[in-house]
Amino acid sequence: MQHVACPGCGAQVEFKSPASVMAVCEYCKTTVLKDAESVQNLGKMAEVIEDYTPLQIGTSGVFEGRSFALVGRIQLRYPDGFWNEWYALFDDGQAGWLADASNQFTFTFEKPDIAPTVEFAQIRPGMTLALAGDTFTASDVRTARCTAGQGELPFKVGPGWEARVADFRCAARFLTLDFSEEGPVRAYVGRAVTLADLKAQLLRDAGEISDTAGALKGKVGQLACPACGSPVHYSPGMTSHFICPSCHASVDVSSSTAVVLAAGQKLAAAPFTLELGTSINVDGTSYTLLGALRRAEVQDPSSSWSEYLLYGAGRGFIWLVETSEGWQRTEVLNEWPAWPDAEHAQLQGRTYRRFASYAAQVTYALGAFNWRVAVGETAQVAEFRDGQVTLAVEATSEEMGWSRSRQLPLDQVRAWFGESVHAEIHEHPSYRRTARLILIGLMVVNAIPLLLATGSTFFFVIIAALAIYLPALILDKMD
Ligand SMILES: [Zn+2]
Ligand SMILES: [Zn+2]
């Protein structure tokens, strides 16, 4: 360990890692550059905005049998959100990066021997790349800005420093290609982890996260919409954007001032079953409903469904999805399924079969989200099913991700949100839909006679069909 006197305030600044080239003074935020000859003052570093992360400088853990501690941090922002990169120093002197993006953790290590020939501009989500013995698929491509730093870091960064990075995944393996600097691409290889895997110690607890998160101090949990003044529930530091429930303005809350990105659009109100701001207890953690989305298939706008984003301090985000088939609980996957062909997906020994592919569009959104949601935003979706479990892959021009949904009994939803949660969509499919099912049944029953016998059987089927379908059509119209 090396100590130097901060040129700004004289306090001792520590360099735990011989590989660190700069450190931010804990007391006065002066950026101190360590070089062989002298210690330089590079000016002040912006203070980090505390966010959802349970990690902090000093958090320790074990990765693949070796102990590490977090010694530095950079916060990065891009137009649609933000994430943290933590610089980890191992007992044996090696260093790595622990990234936290909306409580999805990955540990990576620089691999100087890997030299991919791909260019940043060529990379698109979904593109595959054979590297380090695996075929990786691009998940995110983004240009981000460093907004703040903390502790010690192995390269010189400052506010405004621009990172051009592409992330790739292959099952639990993770690859980041960093195009930020001139010269060859830097490759970082590692894998998805959980804090439990890492036996992480000295984490911030839920109370600490809630108390400190967010730049808009003193207004935790509530903010006046900068466009219309209505109170808005959101979680500072955990969500980066919200859509005002009153005026539908799109507001960026990821920096120290709330900024209106777009004025509210006039939209026909979408009825949401669950209310924003409701807190529920899921597996012993309190989750708050922050955002609600209405989405529909682009090809069939009548096929709409609702998605609700909930946040649990220290635990991250979960989604509840309400479709015409009932409720589902959805988690974003940090370990990707294998996708051997277009029809199948495999995860943890289970094979899922594709049953739907469509383009989905956001038709309505309210509340706070961990990315910038916009009405009209479209994603390509493919769904794979095995029994009650569904895997879905969604891709936009900037990112691709997998999620897993499990059916959720209506009783569970009612236990969380109250008995008033209606089951209309769930328990009473439309009359026409029921009629259609009966029709299909009739056709199947009659298929064999139809193939064998005279036209009269077919005639009766048609009459029977109309007798069922027409009244159903009228009943639906009357609804
Ligand atoms: Zn200082
Ligand atoms: Zn408003």
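Quick note: structure is the one above.
Notes on the structure follow. (Residues numbered from 1 in each chain as written. Chains lettered and ligands numbered in written order. Predicted model: local features only at pLDDT ≥ 70, side-chain atom pairs only at ≥ 80, totals over all residues. Heavy atoms only, no water.)

**Quick word on the overall build of the protein**
Regarding its fold elements, the protein presents five helices and 31 strands. Split into buried and exposed, the 479 residues of the protein put 47% on the buried side. The long-range fraction of contacts in the protein, counting pairs at least 24 apart against all pairs at least 6 apart in sequence, stands at 53%. Of the roughly 23,000 Å² of accessible surface on the protein, 53% is carried by carbon and sulfur atoms. (Helix = DSSP H or I, 4+ residues; strand = E, 2+ residues; numbered from the N terminus. Buried < 20%, exposed > 50% of the residue type's maximum accessible area, 1.4 Å probe, protein only. Contact = heavy atoms within 4.5 Å. Areas by Shrake-Rupley, 256 points an atom, 1.4 Å probe, with all protein chains shown as cover.)

**Examining the pattern of salt bridges**
Tallied over the entire structure, the rule returns 16 salt bridges. When the shortest N-O distance is used, the salt bridge between glutamate 64 and arginine 191 registers 3.2 Å. Of the two residues, glutamate 64 is situated in the loop between β6 (60-63) and β7 (66-78) and arginine 191 in strand β15 (residues 186-193); the sequence distance between them amounts to 127 residues. A relative accessible area of 55% means that glutamate 64 is categorised as exposed. Given a relative accessible area of 28%, arginine 191 falls into the partly exposed group. (Salt bridge = Lys/Arg side-chain N within 4 Å of Asp/Glu carboxyl O.)

**Comments concerning the coordination of the zinc ion (ligand 2)**
Coordination of the zinc ion (ligand 2) by the protein is provided by Cys225 (SG), Cys228 (SG), Cys244 (SG) and Cys247 (SG), with metal-donor distances spanning 2.3 Å. Taken together, the four donor atoms coordinating the zinc ion (ligand 2) span angles of 106 to 112° at the metal, a pattern that classifies the geometry as tetrahedral. Read in sequence order, the donor residues for the zinc ion (ligand 2) give the motif C-x2-C-x15-C-x2-C. (Donors = N, O, S within 2.8 Å, 3.2 Å for Na, K, Ca; no water. Tetrahedral: all angles 85-135°; square planar, octahedral: opposite > 155°, others 65-115°.)

**Description of the environment of glutamine 2**
Residue position: glutamine 2 is located in strand β1 (residues 2-5). Taking relative accessible area as the criterion, glutamine 2 reaches 38% and is therefore assigned partly exposed. Sequence-distant contacts of glutamine 2, defined by excluding residues within four places in its chain, comprise Val13, Glu14, Phe15 and Lys34.

**Details of the side chain of glutamate 307**
Considering the arrangement of structural elements, one finds glutamate 307 in strand β23 (residues 304-312). When its relative accessible area of 11% is taken as the criterion, glutamate 307 is described as buried. There is a polar contact of 3.1 Å between the side chain of glutamate 307 and the side chain of arginine 295. Here tryptophan 305 takes part through its side chain, which lies 2.7 Å from a polar atom of the side chain of glutamate 307. (Polar contact = N/O pair within 3.5 Å; in protein donor to acceptor, adjacent residues only side chain to side chain.)

**Describing the coordination of the zinc ion (ligand 1)**
The protein atoms that coordinate the zinc ion (ligand 1) are Cys6 (SG), Cys9 (SG), Cys25 (SG) and Cys28 (SG), at distances spanning 2.3 Å. Given four donor atoms and angles of 103 to 114° at the metal, the environment of the zinc ion (ligand 1) is assigned as tetrahedral. For the zinc ion (ligand 1), the donor residues sit on a single chain with the sequence spacing C-x2-C-x15-C-x2-C. Here cysteine 9, found in the loop between β1 and β2 (12-15), pairs with cysteine 25, found in the loop between β3 (22-24) and β4 (30-34); they are 16 residues apart in sequence, far enough to count as distant.

**Quick look at unusual backbone geometry**
At lysine 29, a residue that is not glycine, the phi angle is positive and equals roughly 65°. One can find lysine 29 in the loop between β3 and β4. A relative accessible area of 23% means that lysine 29 is categorised as partly exposed. Unusually for a residue other than glycine, alanine 171 sits at a positive phi of about 50°. With respect to the helices, strands and loops of the structure, alanine 171 is situated in the loop between β13 (162-170) and β14 (173-178).

**Some points on the pairing of β4**
Most of β4 is tucked away: five of the five residues are buried. Burial along β4 is two-sided: the residues Thr30, Val32 and Lys34 and Thr31 and Leu33 are all buried. Of the strand pairs in this sheet, β3 and β4 are connected by three bridges, and their pairing is antiparallel. Note on β4: the bridge partner recorded for alanine 23 is valine 32. Adjacent in sequence and paired antiparallel, β3 and β4 are bridged by five residues, among which lysine 29 carries a positive phi angle near 65°. (Pairing = 2+ DSSP bridges.)

**Focus on the pairing of strand β12 (residues 134-153)**
In terms of burial, β12 is a largely internal element, 14 of the 20 residues being buried. Judged from the two bridges that link them, β3 and β12 form a sheet pairing that is antiparallel. Of the residues in β12, the one forming a bridge with methionine 22 is leucine 153. Summarising the sheet, β7 and β12 pair through six bridges and their orientation is antiparallel. If you follow isoleucine 74 over to β12, its bridge partner there is glycine 149. Bridge count between strand β11 (residues 128-131) and β12: four bridges; the pairing is antiparallel. Across the sheet, residue leucine 129 finds its bridge partner in β12, namely phenylalanine 136. Where β11 folds back on β12, the antiparallel hairpin that results is connected by two residues, among which alanine 132 adopts a positive phi of roughly 50°. Here β12 pairs with β13 via eight bridges, running antiparallel. The partner of arginine 145 across the bridge, within β13, is glutamate 162.

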